[in-house]
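A look at the structure
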Amino acid sequence: MNLDLDNINKDLQDKSPTEIIAWAISIAEKPVITTNFRPYEVAILNAVTEVEKNIKVIWCDTGYNTVQTYKHAEEIIEKLNLNIQLYTPKQTTAHRNVVLGVPSIDDTKHALFTQQVKLEPFTRAMNKHQPDVWFTNLRKGQTAFRDSIDIVSVSKDGIVKVSPFYHWSDEELDAYLVEKNLPNEFTYFDPTKVESNRECGLHI
């Protein structure tokens, strides 16, 4: 899909998330949305499913989520009637805890850990669904890499990535969640990132 990203992002800069999503759906044949149910994920899940009710929602569950995140996920899945496509690592968390554990980011085994719990399930999901448009909740200010993209970008695999809330602040998202009567949950843990400003590897 050949797109003039500069002009598209210029046109979409002042559009609402709903308008951005509607534009993306109009050019998509096989759209998907990915989620990990981290804080504020419910905003994009709600916004996208308001436009495209039965869109496939890919959840790559590392197996290391907090109890609160799992409860939050179940609440959102039921509330929004999400079409969840669940992908998990091939090795159980219990088995990995014995043979590998959760290596620190300074450990040479951390790359293998990230490959097992996040990158491999994600690659498997994308290979299965072959999306042409991928909705994400990337926002400016999260990481240096995310500051370098825009509302619409293209992944290394040529998938059109759409981030409808790219220019939104936490405060604006808080107001959106109140307006839509949506829950949020901040007790979240990503064992592959450790630091909040570190990329997990899916988006680079």
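A quick note: this is a predicted structure, and the numbers were derived from the prediction, not measured. (Residues numbered from 1 in each chain as written. Predicted model: local features only at pLDDT ≥ 70, side-chain atom pairs only at ≥ 80, totals over all residues. Heavy atoms only, no water.)

**A word on the nonpolar core**
Filter applied, for reference: For this analysis, a nonpolar core means a set of buried residues of the types Ala, Val, Leu, Ile, Met, Phe, Trp, Tyr and Cys, connected via side-chain atoms within 4.5 Å. Type-normalised accessible area, obtained with a 1.4 Å probe on protein chains alone, sets the label of each residue: buried when under 20%, exposed when over 50%, and partly exposed for intermediate values. Labels follow the DSSP assignment, with helices taken as runs of H or I lasting at least four residues and strands as runs of E lasting at least two, numbered in each case from the N terminus. When checking whether two residues touch, look at their non-hydrogen atoms; a contact exists if any pair is within 4.5 Å.
Residues I33, F37, L45, L82 and F135 are the most contacted members of the largest nonpolar core, which totals 38 residues. Breaking this core down by element, the ones donating at least two residues are α1 (5–12), α2 (17–27), α3 (41–51), β2 (56–60), α4 (67–80), β4 (133–135), β6 (160–162) and α8 (170–180). Ignoring anything within four residues of it in the chain, the contact list for I33 reads I44, L45, V48, I55, K56, V57, I58 and F135. One finds V32, I58, C60 and F122 within the second-largest nonpolar core, a separate group that totals nine residues.

**Focus: the sheet that holds β2**
Stated formally: At least two bridges found by DSSP between two strands is the condition for calling them paired. Working convention: axes come from line fits to C-alpha atoms, limited for helices to the stretch in contact. Angles between N-to-C directions cover 0 to 180 degrees.
Ordered in space as β3-β2-β1-β4-β6-β5, the six strands form an open sheet in which the pairing is mixed. Edge positions in the open sheet fall to β3 (83–87) and β5 (152–154), since each of these has one partner strand only. Between one strand axis and the next, the sheet turns through 30° on average, direction left out of account. With five bridges joining them, β2 and β3 adopt parallel strand pairing. Opposite K56, over in β3, you have N83 as the bridge partner. Each of β1 (31–35), β4, β5 and β6 touches α2; the most contacted strand, β4, lies at about 155° to it. Seen against the sheet, α3 touches β1, β2 and β4 and runs at an angle of roughly 160° to β1.

**Observations concerning the pattern of salt bridges**
Formally: A pairing counts as a salt bridge when a side-chain nitrogen of Lys or Arg comes within 4 Å of a carboxyl oxygen of Asp or Glu.
Under the defined criterion, the tally for this structure stands at five salt bridges. Residue E50 is joined to K180 by a salt bridge in which the shortest nitrogen-to-oxygen separation is 3.2 Å. Here E50 is found in helix α3, whereas its partner K180 is found in helix α8, with 130 residues between them in sequence. Residues D190 and K118 are paired through a salt bridge, measuring 2.5 Å at the closest nitrogen-oxygen approach. Of this pair, D190 sits in the segment after α8 while K118 sits in helix α6 (residues 110–129); the two residues are 72 residues apart in sequence, bridging distant segments of the chain. D190 gets classed as buried once you look at its relative accessible area, which sits at 8%.

**Concerning α3**
Here α3 lies mainly inside the structure; nine of its eleven residues are buried. Looking only at α3, the buried set comprises E41, V42, A43, I44, L45, N46, A47, V48 and T49. Against α2, β1, β2, α4, β4 and α8 lie the buried residues of α3.

**Digging into the side chain of K118**
Put simply, the rule is: Nitrogen and oxygen atoms within 3.5 Å of one another constitute a polar contact, given that in protein one can donate a hydrogen and the other can accept it, and given that sequence-neighbouring residues count only through two side-chain atoms.
Classification of K118 as buried rests on a relative accessible area of 8%. A polar contact of 2.5 Å, which involves the side chain of K118, links it to the side chain of D190.

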